[in-house]
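Tertiary structure, described
Letter by letter, the chains look like this.
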Amino acid sequence: MTGTKKRIAGVTAVIIAAAFIGWTIWLVGVDVEPAAESGYYDQFLFAEDAPVTALLAQVVAEAPQVPAPEGESSSASVWYDGALLAPYLPNCAEMGRVEVVKGGVFEIRYTPAEPEDCVQAALLYVDGQVRMVTVTQAGGRTLSADVAEMPEPVPTPTPTRDPAGEVEEAFADLVGWADGGVYAALDPAELFDGELLERAVEADPACENPLYTRRAFVLTDGEGLTPEEAAKRLLEELLAYYSQEQEGCPFRITAYAVAEQELMDRDALRARTERAVLLEDTTRWTSSALWETRQEYPWLPDGMWCLTPEVRVDWRGFLDLKGSFRIWGQLNDPAQTEIAGPVWVLLCDDGRYWLQRSEALTELLQGE
């Protein structure tokens, strides 16, 4: 599928390694003081009873996203407002950003209350604990130290791998997929008549990004079209819709282009999953690759495809990119082309086509 997907476990491992390498490079020429000797860094840590892992999950789920600090934008990171963490940092005078790196690496920044010469504390949180504290003092001096010891590896027998069997098991378990298995029993004809259609085509006209809208786009005269042709036509309708002024919508698209869309049916999704699994060399990473795939994609019966829409847009006003567009104009950053947008679903029933973001269609069918 076009659009780089950085969600398989092998790539996750590379990202984690890159995060540690980045911190190591940053520390060249920096004073390092072992926390075990001085205890200096303890004052910058979370309260002992702080449920840090749960708090970080809450930040990702609830906190607003914020821009990356100047000079630190990364396609592998998302930045959040860290206000939820402040009550659990006893030495916090002003909460800053939380950087979330794909693969479970977090950097938490805040301004400490004490000592007075400290202007920023940064905590690196990995695998359930703070691994490193970095303190920036007035004048630019930086101190950093490891504050957690790596546990000694415990030898365990290497389990026998059965990648083909694990893929088969994953595809047989409906509940584990992003749609929770609701597509498996869906009669497509039910969507095109009655309340569901009415609700879906009127949903969310004032979104901040067309590719994250909850609205469905429906083609009732698609007889003779290939699914790829239908997908392209419906995406053109989506972008034409947001080329009009919409009440409460902060942007208006002024120009767009829709590429030929690459669709993935169930067999193609299985093949993609098998390739992801075969890249891994342990049962743990195989399971992680399967989990990532099922979190991202829905369970696809016959007559249904998934895609990450390939479009280019220009606009006026505010448009929250979320890494989902090939874009024009002054913001034409080549790095954007490497980031895929959300997964959409195309459904066909006797010459009629329905296109909607997978998550929105799932919630519609679940009555949410």
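Counting restarts for each chain: residues are numbered from 1 in the order of the written sequence. Residue-level local features of this predicted model are given only where pLDDT is at least 70; pairs of side-chain atoms are given and counted only at 80 or more, and the full residue set underlies all totals for whole chains, interfaces and linings. The basis for every side-chain value is the complete set of heavy atoms in the structure, and neither hydrogens nor water enter the calculation.

All right, on to the confidence of the model for the protein then. Summary of the metric used: pLDDT quantifies the predictor's per-residue confidence within the range 0 to 100. Averaged over every residue, the pLDDT of the protein is 81; the share at 70 or more is 81%. By definition, any uninterrupted DSSP run of H or I lasting at least four residues is a helix, any uninterrupted run of E lasting at least two residues is a strand, and each is numbered from the N terminus. When mean pLDDT is compared element by element in the protein, strand E4 (residues 105–112) scores highest at 96, while helix H1 (residues 9–26) scores lowest at 42. By definition in these notes, contact holds between two residues if any of their heavy atoms fall within 4.5 Å. A low-confidence stretch, residues 1–37 stays under pLDDT 50, and its non-local contacts, those more than four residues away or across chains, total 75 contacts. The model gives residues 329–338 a pLDDT under 50, and that stretch makes 8 contacts with residues more than four places away or in other chains.

Here the focus is the side chain of Glu99. The topology assignment puts Glu99 in strand E3 (residues 92–101). Within the buried set, Glu99 has no salt-bridge partner at all; the shortest N-O distance to an opposite charge, 4.9 Å, is to Arg109. A polar atom in the side chain of Glu99 sits 2.6 Å from the side chain of Ser77. The residues touching Glu99, leaving out its near neighbours within four places in the chain, are Ser77, Val78, Trp79, Val105, Phe106 and Glu107. Exposed residues in this analysis have more than 50% of their type's maximum accessible area, buried residues have under 20%, and partly exposed residues fall in between, with area computed by a 1.4 Å probe over protein chains only. Here Asp and Glu are counted as negative and Lys and Arg as positive; His is not counted, and neither are the chain ends. One side-chain nitrogen of Lys or Arg within 4 Å of one carboxyl oxygen of Asp or Glu is enough to make a salt bridge. Counting of polar contacts relies on pairs of N or O atoms within 3.5 Å, with two restrictions inside protein: one atom must be capable of donating a hydrogen and the other of accepting it, and residues adjacent in sequence are counted only when both atoms are side-chain atoms.

Per the stated rule, a full pass over the model turns up 10 salt bridges. For Arg294, the salt bridge goes to Asp173, with nearest N and O atoms at 3.0 Å. On the criterion of sequence distance, the pair formed by Arg294 in helix H8 (residues 283–296) and Asp173 in the loop between helix H4 (163–172) and helix H5 (195–201) is long-range, its members being 121 residues apart. With relative accessibility at 13%, the residue Arg294 sits in the buried group. A salt bridge links Arg199 to Glu195; its shortest N-O distance comes to 3.8 Å. Of this pair, Arg199 and Glu195 both sit in helix H5, 4 residues apart, roughly one helical turn. Owing to a relative accessible area of 32%, Arg199 belongs among the partly exposed residues under this scheme.

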